[in-house]
Amino acid sequence: ERSPAAGREAALTYAWGMAVLGRPDDVAATVQRYAELIRADDDGWARAGESLSVAGKHALAAAWLGDWRDRANVNPWMLVALANSLRGVGDDAGAMAVTRDSSDGLDPAELPPEFRGWLALDAALAGRTADAER
């Protein structure tokens, strides 16, 4: 209560550590227990989603990050975990929509490498080779 930023950082660091150690249930429990605190900050929200995704909790990560359009300061790097998790649950079309929508109007150099790759592949498959090259 005295330092929400420190508490948020502690919860996020613990969740990431559990993800790296292969303890997905601990990641999910931590994110759910401190959800209100973590969701209060866009960076923390994104990092929690990444921890869930890395831990293989794809459905939970997709649900956690699913409100991305309602957040004020979302950057494409914050949505790599959402796109990966949507693919993890078999929603390739949804993952591509997130990639496209969050990248719209940005210089490709500003995008995460994963997004540039998926956008290029999508353009190439659609026969838009100039877009794929860009």
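Residues numbered from 1 in each chain as written. Predicted model: local features only at pLDDT ≥ 70, side-chain atom pairs only at ≥ 80, totals over all residues. Heavy atoms only, no water.

Packing of helix α4 (residues 42-54) against helix α6 (residues 80-88) leaves a shortest axis separation of 8 Å and a crossing angle of 30°. As the angle between them shows, α4 and α6 are arranged roughly parallel. Crossing of α4 against α6: the hand is left-handed. For the pair α4 and α6, the contacting residues are G49, E50 and S53 in the first and A81, N84 and S85 in the second. In the contact of α4 with α6, the residues fall into 1 nonpolar, 4 polar and 1 charged. (Axes fitted to C-alpha atoms, helices over the stretch in contact; angles between N-to-C directions. Helix = DSSP H or I, 4+ residues; strand = E, 2+ residues; numbered from the N terminus. Parallel < 35°, antiparallel > 145°, perpendicular 65-115°, else oblique. Left-handed = near helix turned anticlockwise from the far one by under 90°. Contact = heavy atoms within 4.5 Å. Nonpolar A, V, L, I, M, F, W, Y, C, P; charged D, E, K, R; others polar.)

Taking 1.5 Å as the rise per residue, helix α1 (residues 4-20) with 17 residues should run 24 Å; its terminal C-alpha atoms sit 24 Å apart, in good agreement. On its buried face, α1 sits against α2 (24-33), α3 (35-39) and α4. Positioned one or two residues after α1, G22 has a phi angle of 75°, which is positive. (Expected span 1.5 Å × (residues − 1).)

A few words on the pattern of salt bridges. One pass over the structure, following the stated rule, counts 11 salt bridges. For D26, the salt bridge identified is with R23, shortest N-O distance 2.7 Å. Residue R23 is classed as partly exposed on the basis of its relative accessible area of 39%. One network of salt bridges, with partners in common, ties together R39, D42, D67 and R71. (Salt bridge = Lys/Arg side-chain N within 4 Å of Asp/Glu carboxyl O. Buried < 20%, exposed > 50% of the residue type's maximum accessible area, 1.4 Å probe, protein only.)

Another aspect to go through is the side chain of S103. Inspection of the secondary structure assignment puts S103 in helix α7 (residues 92-103). Take S103: its relative accessible area is 6%, and that puts it in the buried class. In this structure, S103 is in contact with L111, F115 and L119, ignoring residues within four places of it in sequence.

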